[in-house]
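Summary of the model geometry
The chain contents come next:
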Amino acid sequence: MNIAFLASHGGSNMQAIIDAVKNGQLKANPVVVISNNSESKALQRAKSEGIPHYHLSAKTHSNPERLEQAILDVLTDHQTDLVILAGYMKKISKRVLDVFQGKILNIHPALLPKFGGQGMYGSRVHEAVLAAGEKESGVTVHLVDEHYDHGATLAQRKVPVLDGDTADTLAERVLKEEHKIYAETIGKIIAGEIKL
Ligand code: GAR
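Summary of the structure given here.

Conventions and cut-offs
- Residues numbered from 1 in each chain as written.
- Predicted model: local features only at pLDDT ≥ 70, side-chain atom pairs only at ≥ 80, totals over all residues.
- Heavy atoms only, no water.
- Helix = DSSP H or I, 4+ residues; strand = E, 2+ residues; numbered from the N terminus.
- Rg over C-alpha atoms; globule rule 2.2 N^0.38 Å.
- Buried < 20%, exposed > 50% of the residue type's maximum accessible area, 1.4 Å probe, protein only.
- Axes fitted to C-alpha atoms, helices over the stretch in contact; angles between N-to-C directions.
- Parallel < 35°, antiparallel > 145°, perpendicular 65-115°, else oblique.
- Left-handed = near helix turned anticlockwise from the far one by under 90°.
- Contact = heavy atoms within 4.5 Å.
- Nonpolar A, V, L, I, M, F, W, Y, C, P; charged D, E, K, R; others polar.
- Polar contact = N/O pair within 3.5 Å; in protein donor to acceptor, adjacent residues only side chain to side chain.
- Arc of directions from axis to C-beta.
- Near = heavy atom within 4 Å.
- Areas by Shrake-Rupley, 256 points an atom, 1.4 Å probe, with all protein chains shown as cover.

1. Examining the overall build of the protein chain
In terms of regular secondary structure, the protein chain is built from 6 helices and 7 strands. Its helices and strands taken in sequence order, the protein chain reads β-α-β-α-β-α-β-α-β-α-β-β-α from the N to the C terminus. The C-alpha radius of gyration of the protein chain comes to 16 Å, within 12% of the 16 Å expected for a compact globule of 196 residues. By its C-alpha atoms, the protein chain is 50 × 40 × 30 Å across when sized along the principal axes. By residue count, 49% of the 196 residues in the protein chain fall in the buried class.

In structure tokens, the structure reads:
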């Protein structure tokens, strides 16, 4: 299973999956990393792991159609089987979806369908959970479709909200669970326990 990553920032979810491959927990082959952010830690991580990596954004391709074609070309050139969004803050285009629909996964730091949608990422999600007075939050791994945070749920895990939580403390607790559930879910896909 050749897996490709799209990531915009820290890439800690990507790293957790790469680590699971390295320690033999996950039988997959990380083939390429794409980021829309040339300064992202995700690209630095790819470099240190020796994984081919590309910065593709409006800065490298001012024409949106050419940008989407370039992303698609990189994915297909590396014989990608599964696309893993790991904190990727851009919408997946129709051009990419037409080829990879049903094979693109995303992770979201809340119990979707709650606290998802456009603009709901990172600490904004956790702030919204706290403002709503929720007693639990969690993690969702889902298939990607043309809407933000919307496709079929593949895995979900609850994480408690504790008295005195800030967005940062809640994010940290949720992220720990993200790092486990993403690799586990990919493992279940590879084992045929989750059918895409
Ligand atoms: C993660 O918490 C991920 O769930 C979230 O961005 C963070 C990326 O962290 N994604 C979303 O909010 C998507 N709507 P990372 O770059 O360290 O993996």
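2. Things to note about the packing of helix α1 (residues 12-22) against helix α6 (residues 167-190)
Running from amino to carboxyl end, α1 crosses α6 at an angle of 50 degrees, the nearest separation of the two axes being 9 Å. One finds that α1 runs oblique with respect to α6. Of the two possible hands of crossing, α1 and α6 adopt the one that is right-handed. Residues Ser 12, Asn 13, Ala 16, Ile 17 and Ala 20 of α1 touch α6, and the partners they reach there are Leu 175, Glu 178, His 179, Tyr 182, Ala 183 and Ile 186. Considered class by class, the residues forming the contact of α1 with α6 number 7 nonpolar, 3 polar and 1 charged.

3. A short note on the side chain of Ser 40
Tracing the sequence through the fold places Ser 40 in the loop between β2 (29-35) and α2 (41-49). Using a relative accessible area of 1% as the deciding quantity, one classes Ser 40 as buried. Of the polar contacts made by the side chain of Ser 40, one reaches the side chain of Ser 35; its length is 3.1 Å. Once you skip the residues sitting within four places of it in the chain, Ser 40 turns out to touch Ser 8, His 9 and Ser 35.

4. Structural notes on unusual backbone geometry
With omega at 10 degrees, the peptide bond leading from Leu 112 into Pro 113 counts as cis. Within the fold, Pro 113 resides in the loop between β5 (104-108) and α5 (123-131). You will see that Phe 115, though not glycine, has its phi angle at about 60 degrees, which is positive. Residue position: Phe 115 is located in the loop between β5 and α5.

5. Here we look at α5
For α5, the full list of buried residues reads Val 125, His 126 and Val 129. Buried positions in α5, seen along its axis, are confined to an arc of 95 degrees and lie on one side of it. Those residues of α5 that are buried lie in contact with β5, β6 (136-143) and α6. In the segment just after α5, Gly 133 is the residue with positive phi, at about 70 degrees.

6. Some points on the site of the ligand
With respect to spatial proximity, 15 residues lie near the ligand, and among them Gly 11, Ser 12, Asn 13, His 108 and Glu 178 are the closest. Here an oxygen atom of the ligand and a backbone polar atom of Gly 10 are 3.4 Å apart. One of the side-chain N or O atoms of Asp 149 is found 3.4 Å from a nitrogen atom in the ligand. Protein coverage of the free-state accessible area of the ligand, which is 450 Å², stands at 87%.

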